[in-house]
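A look at the structure
The chain contents come next:
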Amino acid sequence: ITIKLPAMITISNTSDHVIKFVPYRENFTTGIAAGDTVELEAQTAGQVLYYLAQATEGLTVTQEAKA
């Protein structure tokens, strides 16, 4: 994996139900509705890896360099 910073993280729910994820450095979860996508900016490699680790069945996480 190559991480170029700053990065844009895209979290997509490809399932047919709400899936929860934990925002970086927070102690709560938030849900992503079925078919929805969330885009977040990451400033560190640690943030990128944190979000990539949350990919589960139905939750796709990708990263790319911010344009």
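Throughout what follows, the structure given in this document is the object of discussion. Keep in mind it's a predicted model, so treat the numbers as computed, not measured.

1. Digging into the environment of Val48
- By the secondary structure assignment, Val48 is in helix α1 (residues 45-52).
- Using a relative accessible area of 0% as the deciding quantity, one classes Val48 as buried.
- Measuring from C-alpha to C-alpha, the distance between Val48 and Ile9 comes to 7.1 Å, with 39 residues separating the pair along the chain.
- Once residues lying within four places of it in the same chain are set aside, the contact partners of Val48 are Ile3, Leu5, Ala7, Ile9, Ala42 and Gln63.

2. Considerations on the nonpolar core
- The biggest cluster of nonpolar side chains holds eleven residues, and these are Ala7, Ile9, Ile11, Ile19, Phe21, Ile32, Ala42, Val48, Tyr51, Leu59 and Val61.
- When residues of this core are traced back to their parent elements, those giving at least two are β1 (7-13), β2 (19-21), α1 and β5 (59-65).
- Those residues in contact with Tyr51 that lie beyond four places of it in its chain are Ile9, Ile11, Phe21, Val22, Pro23, Tyr24, Leu40 and Val61.

3. Focus on unusual backbone geometry
- Cis geometry is adopted by the peptide bond preceding Pro6, which originates at Leu5 and carries an omega value of -10°.
- As for its position among the elements, Pro6 is in the segment before β1.
- One non-glycine residue, Arg25, lies in positive phi territory at about 60°.
- Taking the relative accessible area as the measure of exposure, Arg25 reaches 73% and is therefore exposed.

4. Brief notes about the packing of aromatic side chains
- Scanning all chains against the criterion turns up three aromatic pairs.
- An aromatic cluster is built from Phe21, Tyr24, Tyr50 and Tyr51, whose rings are joined through pairwise contacts.

5. Things to note about the sheet that holds strand β4 (residues 37-42)
- If you trace the three strands from one edge of the open sheet to the other, you get β4-β1-β5, paired in antiparallel fashion. At either end of the open sheet lies a strand with only one pairing partner, and these are β4 and β5. Recorded for the sheet is a direction-independent mean angle of 20° between the axes of neighbouring strands.
- Two elements, β1 and β4, share six bridges in a ladder whose sense is antiparallel.

6. Some words on the pattern of salt bridges
- Scanning the entire structure with this criterion turns up one salt bridge.
- For Glu41, the salt bridge is made with Lys66, and the minimal N-O distance between the two is 2.9 Å. Remark: Lys66 occurs in the segment after β5 and Glu41 occurs in strand β4; sequence separation between them is 25 residues.
- Overall, the relative accessible area of 35% leaves Glu41 in the partly exposed class.

Conventions and cut-offs
Residues numbered from 1 in each chain as written. Predicted model: local features only at pLDDT ≥ 70, side-chain atom pairs only at ≥ 80, totals over all residues. Heavy atoms only, no water. Helix = DSSP H or I, 4+ residues; strand = E, 2+ residues; numbered from the N terminus. Buried < 20%, exposed > 50% of the residue type's maximum accessible area, 1.4 Å probe, protein only. Contact = heavy atoms within 4.5 Å. Core = buried A, V, L, I, M, F, W, Y, C linked by side-chain atoms within 4.5 Å. Phe/Tyr/Trp six-rings, centres within 6.5 Å; stacked < 30°, edge-to-face > 60°. Pairing = 2+ DSSP bridges. Axes fitted to C-alpha atoms, helices over the stretch in contact; angles between N-to-C directions. Salt bridge = Lys/Arg side-chain N within 4 Å of Asp/Glu carboxyl O.

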